[in-house]
Amino acid sequence: MDTGNREAMIEVRNLVKTYYTGGKPFSALRSVNFSISANEYVGVIGKSGAGKTTLINMLSGVDQITGGEVYVNGTAVHALGDDQLALWRGLNLGVVFQSFHLLPMLSLLDNITLAMDFCGTYRHGKSEKRAMALLDSVELADHARKLPAQISGGEKQRVAIARALVNDPAVILADEPTGRLDSATSETIFRIFDHLIARGKTIVMVSHDRTLADRVNRVFNLEDGQIISNGGEEL
Amino acid sequence: MTASLTPSHGQGALIEMNQVGKTFYSASGPFQALKDIELSFYRGEFVGVIGKSGSGKSTLVNMITGIDHPTRGKVFVDGIDIHAMPESKQARWRGRNLGVVFQFFQLLPMLTLAENVLLPMDFCNMYSPAERPERAYALLKMVGLADLAHKLPGSVSVGQQQSAAIARALANNPPIIVADEPTGNLDLKTADSVYNRFTALAAEGRTIIMITHDPEIAGRLTRTVTLKDGEIINQSSVKTLTPAGNTTNDQGDVNR
Amino acid sequence: MRPRWRKVIADWWSNLSRFILVTLSLMGGLFSIGIIAGGYVTTLEDMESGFKAISPSDVRIRTEAFDQSLIDYVQSLEGVVAAEGEKMLFAQLQTADGEWQDIIIRVLPEEEQQINLVELLEGRLPQEQEIIFDIHRTIDYGIGDQVTIQTAAGQKRQLQYTGTVRDQTIGTLSGSYFVAPVYGYIAYDTLPWLHQEKHYEVLLVTVDPQLSAEDYKALKDDLTGLVEQSGRYVFTITDLRNNDHPNSGYVRAVSNLLALLGLLSVLLSGFLVYNAMAALLAQQMQHIGILKAIGARQGSIIKMYMVFIFVFGLLALIVAVPLSAWSAQALGQFLGLRLNFRAGDLRLVPFALVIQTVIAIILPQAAGIIPILKASKVSVQEAINSTGIQIDEFGKSRLDRRLEKIKNIGRPLLISLRNTFRRKSRLVLTLITLSLAGAVFIATFNVRASVEKYIDKVTAYILADVNLDFDRNYRINEIEAIAKTIPQVVLVEPRSAATAQLLNDQGEALETVEIWGTPPDSSTIKPILLDGRWIVAGDRNAIVLNEAFISNYPDLQVGDIINFNIKHREISFVIVGFFQFIGNDFFLAYAPIDYLNEVSGNRHKAANYQVVADVSLVEQDREEALARTLDETFRSAGFSIRSASTSKSIRGNATLGLDTMTFFLLIMSGLTALVGSISLTGTMGMNVMERTREIGVMRAIGATDRQVMKLVLIEGVIIGLISWFIGVLLAFPISYLMSYIINMSIFGVTGEFSITINGFIIWLGIVLVLSVIAGLIPANNAARLTIREVLSYE
Ligand SMILES: Nc1ncnc2c1ncn2[C@@H]1O[C@H](COP(=O)(O)OP(=O)(O)OP(=O)(O)O)[C@@H](O)[C@H]1O
Ligand SMILES: Nc1ncnc2c1ncn2[C@@H]1O[C@H](COP(=O)(O)OP(=O)(O)OP(=O)(O)O)[C@@H](O)[C@H]1O
Ligand SMILES: [Mg+2]
Ligand SMILES: [Mg+2]
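Residues numbered from 1 in each chain as written. Chains lettered and ligands numbered in written order. Predicted model: local features only at pLDDT ≥ 70, side-chain atom pairs only at ≥ 80, totals over all residues. Heavy atoms only, no water.

Some thoughts on the interface of chain A and chain C
Interfaces are often sized by the amount of accessible area the parts lose when they come together.
Logical step 1: The partner chain C presents 32 residues to the 32 residues of chain A that form the contact.
Logical step 2: Taking both partners together, chain A and chain C bury about 2,900 Å²; carbon and sulfur atoms supply 60% of that area.
Logical step 3: Among the residues chain A hides against chain C, the three largest losses belong to Met 105, Asp 117 and Phe 118 of chain A. Together they make up 22% of the total.
Logical step 4: Across the chain A-chain C interface, the total number found is five salt bridges.
Logical step 5: For Glu 128 of chain A, the salt bridge identified is with Arg 6 of chain C, shortest N-O distance 3.4 Å.
Logical step 6: For the interface between chain A and chain C, the tally reads nine residue pairs in polar contact (both at pLDDT 80 or more).
Logical step 7: Those elements giving two or more residues to the side of chain A that touches chain C turn out to be β1 (8-21), α2 (82-92) and α3 (108-118) of chain A.
Logical step 8: Here the side of chain A that touches chain C is built from residues that sort into 16 nonpolar, eight polar and eight charged. (Contact = heavy atoms within 4.5 Å. Buried area = accessible area lost by both parts, 1.4 Å probe. Salt bridge = Lys/Arg side-chain N within 4 Å of Asp/Glu carboxyl O. Polar contact = N/O pair within 3.5 Å; in protein donor to acceptor, adjacent residues only side chain to side chain. Helix = DSSP H or I, 4+ residues; strand = E, 2+ residues; numbered from the N terminus. Nonpolar A, V, L, I, M, F, W, Y, C, P; charged D, E, K, R; others polar.)

This is the structure:
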């Protein structure tokens with residue numbers, strides 16, 4: 001099996017995603033190619049509907065790939081079965097969804113420990129401590145026992161970030177992680193991300209933040225399902 | 001100066017919050033999300049509500065829209081104590097006078113974007129049935145969704161859902177628009193066009209209250225209200241407003 | 001505890017009303033299966049085992065007076081298990097208000113009872129000058145009271161009432177348990193007190209069950225010979241060896257109906273359970289997507305949901321099993337009381353338990369696995385995004401396009417319509433469940449109508465106003481003359497009876513048949529003819545046979561010659577027709593009275609008379625007055641009269657058995673209505689609950705509560721009406737099938753089939769009311785919460 005470029009942490013070749021609505025095809029991604037090396041910090045920008053979320057979904061394997069190849073950390077995402085994908089994702093990726101996707105009936109703490117449970121990294125007591133530490137880092141330790149319905153929008157967003165980091169993944173995919181945050185709180189999050197980069201992680205982040213370009217190594221600009229500029233690398 | 005911002009009811013304030021407090025009870029114990037808020041809004045204002053995440057912004061605007069009830073205090077909109085209004089009257093009143101953009105959009109999943117925009121007109125019987133589709137289409141076009149009018153919310157991007165929610169809030173051409181982070185998921189360009197639209201509406205005499213985190217927007221606002229831990233810690237001054245009501249139109253008046 | 005189990009527990013508790021709805025839905029289904037399957041198994045079993053337990057007589061020989069010595073002799077014969085003497089007295093019992101009511105008094109043998117045992121329910125067995133009663137008729141007295149008996153000869157005697165019994169043999173001979181009068185039982189030693197001789201007139205024999213048919217026949221012949229050798233005349237010899245309980249036809253009808261209903265209710269409950277589970281898990285689609293997104297593999301998810309679902313089934317099972325076992329027993333008790341068998345004690349029927357367990361435990365798992373597998377077929381993203389709408393299907397749905405085209409249909413109405421058809425598979429299942437329940441409900445009404453129509457026709461055999469029964473034959477013109485002295489009487493029609501043996505070609509006796517002699521073209525009978533014609537003027541050896549002949553001897557045809565042994569003479573009749581009477585395997589025939597009297601040596605005599613009065617005496621008490629006058633007139637003239645009863649009371653008694661059927665059907669319709677209601681309420685409730693958040697959104701953008709309610713109600717009513725319509729169509733075949741079962745089981749022929757509008761209308765009402773309630777309660781709930789709470793509802 002081709003494992004892609006060895007130095008590249010993320011390698012995407014001829015990636016195509018087509019949605020079918022009422023039988024009509026709609027190409028959200030048309031032949032996207034790029035590679036991201038380990039420990040790179042990449043920002044993704046583009047108009048609403050440009051395909052940013054779609055791209056992140058392809059990298060994390062939460063949505064079916066229509067065509068092309070995606071390698072992340074040496075794994076051929078496009079070739080994995082559903083079950084293998086779930087475990088692999090849980091252990092290797094931290095995904096912050098644009099709509100958070102917290103489980104409504106579980107407290108914030110349980111939402112985070114649950115992610116450890118499924119990946120076999122849950123240890124009673126120890127895991128709760130780790131989850132609390134993560135909640136504390138996003139300034140939510142006081143709210144740990146609340147349900148998602150009982151916290152503000154920005155707080156939900158931060159829970160989603162904490163959950164993504166719980167298994168200490170090598171790659172973090174974040175879809176608008178600061179979309180609902182004020183500048184001060186955004187700053188906290190960005191600092192967490194900087195810290196992760198310093199620890200050798202790889203981050204791909206979709207953002208509309210005006211300061212994005214200054215924070216990341218590279219910016220991909222998506223338009224109509226294609227990367228129109230990727231901050232240096234040849235297209 | 002602060003005194004002039006909070007004139008007593010009847011002296012021109014469209015929305016008046018009197019000693020409004022809100023306490024939530026949850027597993028973490030009681031939590032005071034709003035503490036004795038005294039605040040007024042005037043016709044033709046474009047007010048930005050800012051503050052850190054969790055400071056109480058959404059809670060505050062929910063008091064104005066009637067989406068949540070205060071624990072203490074009263075809210076008057078054009079002299080009406082809205083929380084004293086029976087629930088059944090409140091719905092119709094809200095539909096005609098308030099355009100609400102929710103933080104999580106709240107589109108109806110089984111209706112297309114166009115139908116979602118049509119719905120408030122149907123419920124409140126605004127505009128003639130023949131006019132409604134045209135109007136809905138025009139609004140969607142304004143937010144850049146003309147091509148997606150017949151898609152269901154589940155099959156468009158998050159930003160597109162947000163845009164549709166903005167279009168829906170404007171459907172009944174309400175005198176008051178309350179928007180909770182309407183541009184949180186929008187790219188800068190799309191956000192800009194929304195701001196333009198709001199500025200124009202404010203100029204018509206409508207009142208716009210918007211929660212935002214975007215520092216760039218400040219220049220367009222007539223006033224900002226800053227919240228911290230459920231309290232107002234700062235308000236910028238009320239800018240001189242173009243007297244809209246008398247001459248050109250009466251769009252900003254609340255329907256009773 | 002691991003976080004995944006915390007999620008499962010939170011799923012149960014975070015939405016209590018949904019938890020209750022689903023559990024109730026399961027319970028409803030399990031309950032109906034339990035009561036039906038339990039009832040099915042127990043009624044038949046109880047009746048059979050209960051009847052065996054009383055050692056019913058195999059041979060019954062009515063002869064002239066005999067005593068214990070003959071019994072002892074018979075007892076010593078090889079193949080005889082037990083022999084016993086019996087005597088029956090026809091008398092009258094004084095009611096509390098001084099009237100007289102018919103009573104048959106069975107004299108219990110001197111020795112301990114061995115055959116046709118009566119089962120003591122209360123009090124104690126009678127001693128001298130005491131009496132006990134069978135429970136099938138209620139009487140005016142309680143244990144300890146003194147009752148007054150008037151013998152056929154007119155003597156009045158007081159007896160002490162000491163106990164009640166169940167006598168399962170009632171109806172064995174008369175053909176109908178339901179027309180039987182009060183039964184009393186006295187000790188042998190009481191006979192002199194009633195001015196009766198101390199002797200027996202009937203010999204009861206039970207034989208070795210191992211006996212082959214030939215040996216049995218030989219034994220029977222030996223018995224007859226033996227009695228005749230002793231110098232006694234044998235009036236009748238009745239073979240009861242293979243007879244069931246006298247009401248077995250009814251019990252068979254009930255249990256066959258239960259089998260059909262059981263089959264339907266298994267289907268119904270299956271759909272119900274499946275639907276509830278599908279609805280429950282549809283809401284979990286997003287969660288399954290999220291779980292997968294954070295690393296859960298299919299195996300873990302399946303395990304979580306299996307446990308999640310298991311609890312619903314287990315809870316429902318724990319409640320439904322005892323409840324249905326108890327109800328099945330109550331049903332058995334009721335039927336036992338009405339149909340005179342001994343219903344067993346409370347028990348678990350393994351067969352019912354197995355079905356219940358499968359439906360409670362295995363089916364939900366099967367239903368649950370489907371959405372989980374579905375969720376794993378689509379990508380995580382799609383699972384998360386799913387709002388339960390089949391998105392792709394939706395855009396191109398033809399129905400939807402058609403809805404679009406209706407101008408000015410209005411968005412709110414469109415939402416209702418679209419919501420209705422939103423979850424197509426769930427809708428289809430709901431409709432199947434509801435339609436089936438509706439069809440069964442409606443069918444029970446139709447079957448009752450059919451049975452009632454039949455009852456009407458049966459009463460056509462007893463059109464006269466008063467039925468006079470004498471203890472022995474009297475000359476017809478003598479009776480006529482006396483009866484005519486009463487001014488109201490316009491017609492007195494004699495009826496004579498003869499017991500005959502049906503003979504085969506070899507001249508061997510096959511069956512005991514009761515032949516009634518009637519004047520030709522009788523105006524007091526309007527028979528239901530199945531074939532041929534009735535007795536007309538000019539007929540001589542013509543005979544009309546009842547349905548028992550058709551079911552036992554299907555080869556018999558109109559025009560055939562049929563031979564009987566009447567008073568030791570072989571008599572031939574020509575079959576001119578077949579008629580239908582109320583059921584059982586009881587052989588009955590009508591022949592011209594003159595001919596019958598001639599061959600049975602009773603010329604110009606009869607013991608039974610049908611009296612018609614001049615005005616049509618519609619009111620029961622006027623008929624009763626006439627009956628009393630006749631009774632007194634004949635009694636004072638020295639006639640030995642058994643009873644003078646109004647036809648209305650006879651009709652009432654005759655239809656009691658069928659009433660039991662209609663009452664039973666009513667219970668069944670109630671049960672199906674219950675299950676149907678639960679299914680509708682459950683589905684509607686879940687549908688509306690799922691949309692709590694949408695309701696909040698609508699309220700937030702200007703929909704008044706009334707508008708929201710209207711949406712919910714229209715949706716409920718649409719589902720209700722569609723299901724009603726399908727139910728109406730299904731009701732016809734099901735009604736037909738149920739009528740067929742009843743008629744076949746009780747009468748052995750396909751009988752009446754009738755349709756009544758009642759069931760259709762009542763079910764429509766139920767469906768509409770339920771759809772409204774099922775929608776209103778959750779919608780109302782959603783309206784009570786603040787919009788913020790509703791919007792954060794998942
Ligand atoms: N139902 C609830 N129960 C308990 N606490 C609540 C509830 N709803 C909100 N809160 C708390 O009230 C505070 C204010 O919430 P609010 O939603 O108004 O914040 P916000 O200013 O809108 O924040 P954001 O910018 O993150 O949306 C938060 O700290 C939140 O945790
Ligand atoms: N399930 C779907 N079915 C059909 N079309 C879809 C679906 N999801 C997204 N799309 C379309 O694909 C395009 C790209 O969507 P995507 O969600 O990737 O945009 P995005 O760049 O993340 O936008 P935003 O900034 O608004 O979140 C959009 O035009 C959207 O309408
Ligand atoms: Mg997106
Ligand atoms: Mg908020």
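From this point, the narrative continues.
Let's talk about the confidence of the model for chain B
All names here are of chain B.
Logical step 1: With 88% of its residues at a pLDDT of 70 or more, chain B shows a mean pLDDT of 85.
Logical step 2: By mean pLDDT, helix α1 (residues 2-5) is the weakest element of chain B at 31, and strand β8 (residues 207-211) is the strongest at 95.
Logical step 3: Counting contacts from residues 1-11, a segment whose pLDDT is below 50, to residues more than four positions away or on other chains yields 17 contacts.
Logical step 4: Taken as a whole, residues 240-250 scores under 50 in pLDDT and shows ten contacts with residues more than four places along the chain or in a different chain.
Logical step 5: Predicted complex, confidence summary: ipTM 0.88, pTM 0.78. (pLDDT = per-residue confidence, 0-100.)

Topic: the packing of aromatic side chains
Residues and elements named next belong to chain C.
Logical step 1: Counted under the stated rule, the structure contains 29 aromatic pairs over all chains.
Logical step 2: On the numbers, 4.9 Å between centres and 35 degrees between planes, the contact of Phe 334 with Phe 663 is tilted. Placement of the pair is Phe 334 in helix α7 (residues 298-339) and Phe 663 in helix α19 (residues 656-690), with a sequence separation of 329 residues.
Logical step 3: The class for Phe 663 is partly exposed, based on a relative accessible area of 36%. (Phe/Tyr/Trp six-rings, centres within 6.5 Å; stacked < 30°, edge-to-face > 60°. Buried < 20%, exposed > 50% of the residue type's maximum accessible area, 1.4 Å probe, protein only.)

Considering a negative patch on the surface
Logical step 1: A cluster of like negative charges, contributed by Asp 36, Glu 38, Asp 229 and Glu 231 of chain B, occupies part of the molecular surface.
Logical step 2: Structurally, the position occupied by Asp 36 of chain B is in strand β2 (residues 29-42). (Patch = residues over 30% accessible without salt bridge, like charges linked within 9 Å, V, L, I, M, F, W, Y side chains within 5 Å. Areas by Shrake-Rupley, 256 points an atom, 1.4 Å probe, with all protein chains shown as cover. Lys, Arg positive; Asp, Glu negative; His and termini not counted. Charge placed at Lys NZ, Arg CZ, Asp CG, Glu CD.)

Let's talk about the side chain of Asp 110 of chain A
Logical step 1: Structurally, Asp 110 of chain A can be placed in helix α3.
Logical step 2: Excluding anything up to four places from it in sequence, Asp 110 of chain A contacts Pro 3 and Arg 6 of chain C.

Here we look at the interface of chain A and chain B
Logical step 1: Listed by partner, the interface residues are 30 residues for chain A and 28 residues for chain B.
Logical step 2: Taken together, the two surfaces of chain A and chain B that pack against each other cover about 2,400 Å², and 49% of this comes from carbon and sulfur.
Logical step 3: The largest share of the area that chain A buries against chain B comes from Ser 48, Arg 180 and Arg 210 of chain A, three residues that together contribute 29% of it.
Logical step 4: Across the contact surface, chain A and chain B share two salt bridges.
Logical step 5: As a salt-bridge pair, Asp 214 of chain B and Arg 210 of chain A come within 2.8 Å of each other at their nearest N and O atoms.
Logical step 6: Contributing elements (two or more residues each) for the side of chain A that touches chain B: α5 (153-164) and α6 (183-198) of chain A.
Logical step 7: Counting residues per element, the side of chain A that touches chain B draws most heavily on α5 of chain A, which supplies five residues.
Logical step 8: A class-by-class count of the residues in the side of chain A that touches chain B yields four nonpolar, 14 polar and twelve charged.

Overview of the nonpolar core
Logical step 1: Met 17 of chain B together with Phe 664 and Met 698 of chain C are the most contacted members of the largest nonpolar core, which has 136 residues in total.
Logical step 2: Residue contributions to this core peak at 15 residues, all from helix α13 (residues 424-458) of chain C.
Logical step 3: Beyond its immediate sequence surroundings of up to four residues, Met 17 of chain B is in contact with Ile 37, Glu 38, Leu 39, Phe 41, Leu 60, Met 63, Ile 64, Lys 74 and Val 75 of chain B.
Logical step 4: Membership of the second largest hydrophobic core comes to 119 residues, among which are Leu 173, Met 205, Val 219 and Phe 220 of chain A. (Core = buried A, V, L, I, M, F, W, Y, C linked by side-chain atoms within 4.5 Å.)

A look at the pattern of salt bridges
Logical step 1: Taken as a whole and assessed by the stated rule, the structure comprises 38 salt bridges over all chains.
Logical step 2: Ionic pairing is found between Glu 69 of chain A and Arg 13 of chain A, a salt bridge with its closest N-O pair at 3.2 Å. Of the two residues, Glu 69 of chain A sits in strand β4 (residues 67-72) while Arg 13 of chain A sits in strand β1, which places them 56 residues apart along the sequence.
Logical step 3: The salt bridge involving Arg 199 of chain A is made with Asp 168 of chain A; its shortest N-O contact spans 3.0 Å. Of the two residues, Arg 199 of chain A sits in the loop between α6 and β8 (202-206) while Asp 168 of chain A sits in the loop between α5 and β7 (171-175), which places them 31 residues apart along the sequence.
Logical step 4: A relative accessible area of 33% places Asp 168 of chain A in the partly exposed class.
Logical step 5: Through salt bridges that share partners, Arg 60, Glu 86, Arg 106 and Asp 167 of chain C make up one connected network.

Some points on the coordination of the magnesium ion (ligand 3)
Residues and elements named next belong to chain A.
Logical step 1: Protein coordination at the magnesium ion (ligand 3) comes from Thr 53 (OG1) and Gln 98 (OE1), with a distance range of 1.8 to 2.2 Å. Separated by 45 residues along the polypeptide, Thr 53 in helix α1 (residues 52-60) and Gln 98 in the loop between β6 (93-96) and α3 bring together distant segments of the chain.
Logical step 2: Taking relative accessible area as the criterion, Thr 53 reaches 23% and is therefore assigned partly exposed. (Donors = N, O, S within 2.8 Å, 3.2 Å for Na, K, Ca; no water.)

Here's the deal with the site of ligand 1
Logical step 1: Residues in contact with ligand 1 amount to 22 residues; listed here are only the nearest, Ser 152, Gly 154 and Glu 155 of chain A together with Ser 58 and Thr 59 of chain B.
Logical step 2: Mapping the residues adjacent to ligand 1 onto the chains of the assembly identifies chains A, B and C.
Logical step 3: Ser 152 of chain A is positioned such that a nitrogen or oxygen atom in its side chain is 2.6 Å from an oxygen atom of ligand 1.
Logical step 4: Gly 56 of chain B is positioned with one of its backbone polar atoms (N or O) 2.9 Å from an oxygen atom of ligand 1. (Near = heavy atom within 4 Å.)

Topic: unusual backbone geometry
Logical step 1: A positive phi angle, close to 55 degrees, is found at Gln 106 of chain B, a residue other than glycine.
Logical step 2: Secondary-structure assignment places Gln 106 of chain B in the loop between β6 (98-101) and α4 (113-124).
Logical step 3: With a phi angle near 60 degrees, His 604 of chain C is a residue other than glycine that sits in the positive phi range.
Logical step 4: Structurally, His 604 of chain C is set in the loop between α16 (593-599) and β19 (605-613).

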